[in-house]
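# Understanding the architecture of this molecule
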Amino acid sequence: MRRPHIDPQRTQLFKQRLHSVHVPVGLFCSLMMYSVVFFGIWAILLPFIDVWEKPSRHFAPAKITEIDYSAMIDPVISDPDFPQNNIQIRLPGHDPALSISHQFTEAILFNPTTRKRIEGEGKRSRLAWFLNRMHYGGPLQQFGRIAYGLLAVAVLFLIIGGLIQVALLKYSQQDRTPLTFFSRWHRRIFVWVFPVFIIVTLSGAMFNVGFLSAGPMTQIVSKGRDSNLNAAIGPVLFPPPERVERSNRPAKMLPISQLIRKAQDVDPDIQFQSIRLVHWKDSNARIELKGYNPYRPFLNGILNKPSVTLRGEDGSLVKHTGVMDRSWSVYVLEATLFLHLLFGVDIFTRCFILVLMVGAILAIACGVMLWLEKKAKPYYKRKIPFYHWMSKLSLAVMIGVLPATALTFNLQWLIPIEWDDRMAYIKAGFFNLWLATLTWSFYRIRSHRAARELLVLGGILFLTAPLIHFWSSGFWPPDLLRNGMITILSVDVGLALLGTVLLFVAVKLPDSTGDLRRLLRKNRKKGVF
């Protein structure tokens, strides 16, 4: 069989066109995508920051099998205004508080150790959710969602086009110039992280663009009967639970802690996170426990929640729904959403995704620096400082966001928690400082010096955030360690480590491109770069 003839000229033309499209699209999307991934890293840590920022959560966590649930549930359900069926209980986890709620009521919080009701901060303390909203363009409302969704589509094109270029083009591996350095690491890091990054980007596009068009598409498919996607496909993917009638015969319930232990015996792999009480204290009472199975990642945790349902009176098994007891369509949707949302997953999975996303923002930064180095070459030959508006804008977006974000962690504990408008001041501080870094980037002629100054500022602010937290909360590291508040202490340690890394990078940052060239030549024999 004859091999098809491949025209070398046409192949070369395809490579040139692919490269010529990749560069402007990548440059247009790079800074926006950098900020999306940057705030996405903070969104990965949302459960930990959400506890760290709240004074009401500064108490020792309790084991879910050793809690006296009746002491907290009985006063709530004895209130005639509180619904008596389908009571939702969120068990202590990352958040040490016990939450009792209903679909039509606000959550009531308790300290499970002291069994005392606690008052939540509500909208006065929403730092973690503010950083999460910055991840998907929340402050820009509908326009932000559409823009970020189209950005995700463009990034999918860049990833596929970049992989084709890596497969077709030959790159120099011998040079140790800044150009080859940034080019090599831009390619290498994205080749390492693209399997996860492409899923995260695809699900992001589905959230921001796909769900906006879901209503009209659902109406077309259902021939006008329904425009709500969840109402249309929800009963198909997740059949509603069997209806249980109330017998109106009071009965004594087993302690919930004992029922949790019975459920753990049924399926010891599930980490239970929530409880639903059906007709509690009735002879037909049921307790449904849902959670996450860490041994089946990608298949549960978001929509697919393994569960165990028991009778409240004697703890006998009513129903056990494992991870693999769903239809294949649930697993497809679950796997698509898993790496993006990370609801209820363990700390190891979060850290793994966090490391990959840090690699992604470094790859984006290397791509921007590659383009800037190419533009800077004619200016260096004339022996004048390189001054390009894109370099200044990139400096403010990629490095200026660090001190702006660090400031929010400081303000979180400097502004009194009693102030109703405290989040407005925190947001104002964030945006004003980020804008100030843009002004400073254009003011400084030498971008290397401005970058070092912004890194130092960010490092200092990240280092001071834990100190202000210790002083304002009254809990110092020995207190947090002694009381088992590891989640809160881990955030303080993480902020301090990040500040230290930024100061270290500021010290090691080359003063000029010439210094970077000498550094690359120096490390050539060592094989560092």
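Residues numbered from 1 in each chain as written. Predicted model: local features only at pLDDT ≥ 70, side-chain atom pairs only at ≥ 80, totals over all residues. Heavy atoms only, no water.

Let us look at the packing of helix α13 (residues 401–414) against helix α14 (residues 422–443). Between α13 and α14, whose axes approach to 8 Å, the crossing angle comes to 155°. With respect to α14, the element α13 is oriented roughly antiparallel. Every pair of crossing elements has a handedness; the one defined by α13 and α14 is right-handed. The residues of α14 that touch α13, namely those facing Val-401, Pro-403, Ala-404, Thr-405, Leu-407, Thr-408, Leu-411 and Gln-412, are Arg-422, Tyr-425, Ile-426, Gly-429, Phe-430, Leu-433, Trp-434 and Thr-437. (Axes fitted to C-alpha atoms, helices over the stretch in contact; angles between N-to-C directions. Helix = DSSP H or I, 4+ residues; strand = E, 2+ residues; numbered from the N terminus. Parallel < 35°, antiparallel > 145°, perpendicular 65-115°, else oblique. Left-handed = near helix turned anticlockwise from the far one by under 90°. Contact = heavy atoms within 4.5 Å.)

With 86% of its residues at a pLDDT of 70 or more, the protein chain shows a mean pLDDT of 86. In the model of the protein chain, helix α18 (residues 513–522) stands out as the element of lowest mean pLDDT, 59, in contrast to α13, which has the highest, 97. (pLDDT = per-residue confidence, 0-100.)

What follows deals with the packing of aromatic side chains. All told, the structure shown has 20 aromatic pairs when counted by the stated rule. Centroid distance Phe-181 to Phe-182: 5.3 Å. Interplanar angle 70°. Geometry classified as edge-to-face. Accessibility classification places Phe-181 together with Phe-182 in one group, the buried group. Ring geometry for Phe-430 versus Phe-431: centroids 5.0 Å apart, planes at 80°, classification edge-to-face. Among the aromatic residues, those joined into a ring-pair cluster are Phe-38, Phe-39, Trp-42, Trp-52, Phe-130, Phe-409, Trp-413, Phe-430, Phe-431, Trp-434 and Phe-462. Above the ring of Trp-185, the side-chain terminus of Arg-188 is found at 5.3 Å from the ring centroid. (Phe/Tyr/Trp six-rings, centres within 6.5 Å; stacked < 30°, edge-to-face > 60°. Buried < 20%, exposed > 50% of the residue type's maximum accessible area, 1.4 Å probe, protein only. Lys NZ or Arg CZ within 6 Å of the ring centre and 35° of its normal.)

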